[in-house]
Amino acid sequence: MPKTALITGITGQDGSYLAELLLSKGYEVHGIIRRASSFNTGRIDHLVKDPHDKDVKMFLHFGDLTDSASLMRIIEKVKPDEVYNMASMSQVRVSFDIPVYTADVTALGVARILETLKTMKPDTKFYQASSSEMFGTTPPPQNESSPLSPQSPYGCAKVYSYWMTRSYRNGYNMFATNGILFNHESPRRGETFVTKKIVRAAVRIKLGKAKEVFLGNLETLRDWGYAGDYVKAIHMIMQADRPDDWVVATGENHTIKEFAEKTFGLLGLKFSGYCNYDSRYTRPIDVYELCGDSTKIQNELGWKPEVNFEGLIDIMVKAVYDEEVKCNE
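Residues numbered from 1 in each chain as written. Predicted model: local features only at pLDDT ≥ 70, side-chain atom pairs only at ≥ 80, totals over all residues. Heavy atoms only, no water.

**Digging into the overall build of the protein**
The secondary structure content of the protein amounts to 10 helices and 13 strands. Over its C-alpha atoms the protein spans a radius of gyration of 20 Å, differing by no more than 12% from the 20 Å that the globule rule assigns to 329 residues. Dimensions of the protein, computed from the C-alpha atoms along their principal axes, are close to 60 × 50 × 40 Å. Buried positions account for 53% of the 329 residues belonging to the protein. Long-range contacts, defined as pairs at least 24 residues apart, comprise 80% of the intrachain contacts of the protein with a sequence gap of at least 6. Put simply, the protein shows about 14,900 Å² of open surface, and 52% of that area lies on carbon and sulfur atoms. Across the protein, the centroid of the 40 positively charged side chains sits 3 Å from that of the 42 negatively charged ones. (Helix = DSSP H or I, 4+ residues; strand = E, 2+ residues; numbered from the N terminus. Rg over C-alpha atoms; globule rule 2.2 N^0.38 Å. Buried < 20%, exposed > 50% of the residue type's maximum accessible area, 1.4 Å probe, protein only. Contact = heavy atoms within 4.5 Å. Areas by Shrake-Rupley, 256 points an atom, 1.4 Å probe, with all protein chains shown as cover. Lys, Arg positive; Asp, Glu negative; His and termini not counted. Charge placed at Lys NZ, Arg CZ, Asp CG, Glu CD.)

**Digging into the nonpolar core**
By size, the foremost hydrophobic cluster in this structure holds 57 residues, and its most contacted members are Ile-7, Tyr-84 and Tyr-127. For this core, the leading source of residues is helix α7 (residues 227–239), giving 7 residues. Excluding its chain neighbours within four sequence positions, the residues that come into contact with Tyr-84 are Ala-5, Leu-6, Ile-7, Thr-8, Leu-18, Leu-22, Tyr-27, Tyr-127, Ile-234, His-235, Met-238 and Gln-239. Ile-32, Val-78, Leu-114 and Ala-176 belong to the second largest nonpolar core, which has 19 residues in total. (Core = buried A, V, L, I, M, F, W, Y, C linked by side-chain atoms within 4.5 Å.)

**Some thoughts on the sheet that holds strand β11 (residues 245–248)**
Within a sheet, each strand pairs with its neighbour through backbone hydrogen bonds, oriented either parallel or antiparallel. Across the sheet, which stays open at both edges, the 7 strands sit in the order β3-β2-β1-β4-β5-β6-β11 with parallel pairing between neighbours. A single partner strand is all that each edge strand has here, and the edge strands are β3 (58–62) and β11. Adjacent strand axes in the sheet meet at a mean angle of 20° when their direction is disregarded. Lying over the sheet, helix α5 (residues 153–172) contacts β5 (125–131), β6 (176–181) and β11, oriented at roughly 150° with respect to β6. Those strands touched by α7 are β4 (82–85), β5, β6 and β11, and its axis lies near 140° from that of β4. (Pairing = 2+ DSSP bridges. Axes fitted to C-alpha atoms, helices over the stretch in contact; angles between N-to-C directions.)

**Observations regarding the environment of Phe-264**
Residue placement: Phe-264 occurs in helix α8 (residues 256–266). Judged by relative accessible area, Phe-264 falls into the buried class, the value being 0%. In this structure, the C-alpha to C-alpha distance between Phe-264 and Glu-185, residues 79 residues apart in sequence, is 17 Å. The contact partners of Phe-264, leaving out residues within four places of it in the chain, are Ile-198, Ala-202, Ile-205, Val-213, Leu-269, Phe-271 and Tyr-274.

**Side note on the packing of helix α6 (residues 194–206) against helix α10 (residues 309–328)**
Here α6 crosses α10 at 50°, and the two axes come no closer than 9 Å. Considered as vectors, α6 and α10 are oriented oblique to each other. As α6 packs across α10, the resulting crossing turns out to be right-handed. Packed against α6, whose contacting residues are Thr-195, Lys-196, Val-199, Arg-200, Val-203, Arg-204 and Lys-206, the element α10 presents Met-316, Val-317, Val-320, Tyr-321, Glu-323 and Glu-324 at the interface. (Parallel < 35°, antiparallel > 145°, perpendicular 65-115°, else oblique. Left-handed = near helix turned anticlockwise from the far one by under 90°.)

**Things to note about a nonpolar patch on the surface**
Residues Val-94, Ile-98 and Tyr-101 make up a contiguous nonpolar surface patch of about 210 Å² in total accessible area. The exposure class assigned to Ile-98 is partly exposed, which follows from its relative accessible area of 33%. (Patch = residues over 30% accessible without salt bridge, like charges linked within 9 Å, V, L, I, M, F, W, Y side chains within 5 Å. Salt bridge = Lys/Arg side-chain N within 4 Å of Asp/Glu carboxyl O.)

**Brief notes about unusual backbone geometry**
Backbone torsion omega between Pro-140 and Pro-141 reads 0°, so that peptide bond is classified as cis. For Lys-79, which is not a glycine, the phi torsion comes out positive at approximately 50°. Although it is not a glycine, Asn-173 sits at a positive phi angle of roughly 60°. Relative to the helices and strands, Asn-173 is located in the loop between α5 and β6.

**Section: the side chain of Asp-286**
The residue Asp-286 is located in the loop between β13 (275–277) and α9 (295–300) in this model. Look at Asp-286 and you get buried, because its relative accessible area is 14%. Looking at Asp-286, its side chain comes within polar contact range of the side chain of Asn-217, at 3.3 Å. (Polar contact = N/O pair within 3.5 Å; in protein donor to acceptor, adjacent residues only side chain to side chain.)

**Describing the pairing of strand β2 (residues 28–33)**
The buried count for β2 comes to 5 of 6 residues, which makes it a mostly enclosed element. Pairing analysis gives 5 bridges linking strand β1 (residues 4–8) to β2, with the strands arranged parallel. Bridge pairing in β2 places Ile-7 opposite Gly-31. Between the parallel elements β1 and β2, the chain passes through helix α1 (residues 13–24) in a crossover that is right-handed. Where β2 and β3 come together, 5 bridges link them in parallel fashion. Among the inter-strand pairings, Val-29 is bridged to a residue of β3, identified as Met-58. (Right-handed = clockwise from strand over helix to strand, strands pointing away.)

So this is what it looks like as structure tokens:
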């Protein structure tokens, strides 16, 4: 019998790459999506087949992390072997504007899933998408033993969900595990995230569709990897002999300015001629330097990043360029 996986946040960047990976491994994949008045399944449309097709292996269910009843209904119906919680209110800057909603989804949503699993199917493996933002001002390199010092409502909510996952693992002997992922990008990154915003702006400027880009703090340092690599680490974490906590990172960091300069440079442009500062994109409290130490997962599970910093930018630029050109056809 194939394994059955349930993915929250399946329509997001990570959820879509993970769904692809699991389907390629023969899983039956179920995803939770929120009801919306417009279509929001663009990242997974290529995976969705006619539900009457006897070979269909992916199914979508309406639900929400703020709604315990919907989680209970879906878990009772699906009876998953593995649950991957990829859903959250994921915009760090926006979390300062909506801290209560961020806590309800990103923190309490995890408690709702864990309590539902404990009650209904405690043998299910659970993966929590934890974040490097939990480390906050802790000096790099940050690993599994580094102190947590979150500096945003998003980071605080992720710390709560991290400790709840550990609590259910230790208190109820559940296979509940944390993947502490540092920044990871791809062509599927949301348009409001700084990397995708930079790439989109650079391509549009190159094609004569835009004249400038507005950004906030350019000097923050981030450890950027490729989302396609990181979902492989997520699956490895869930197949480990024991549940644990794992940092997933490249081990090198770069400023936002470096990312922008290399992006514009690939297109034969000079970034400094097109950038304008906008204070709306700065955080009330910033995290200046994140750089992960993934020695543990590399040594114990054999994972390592395959796409480097320059390769990541190249992948994103080529994909967005093709999109923009196609729009003109």
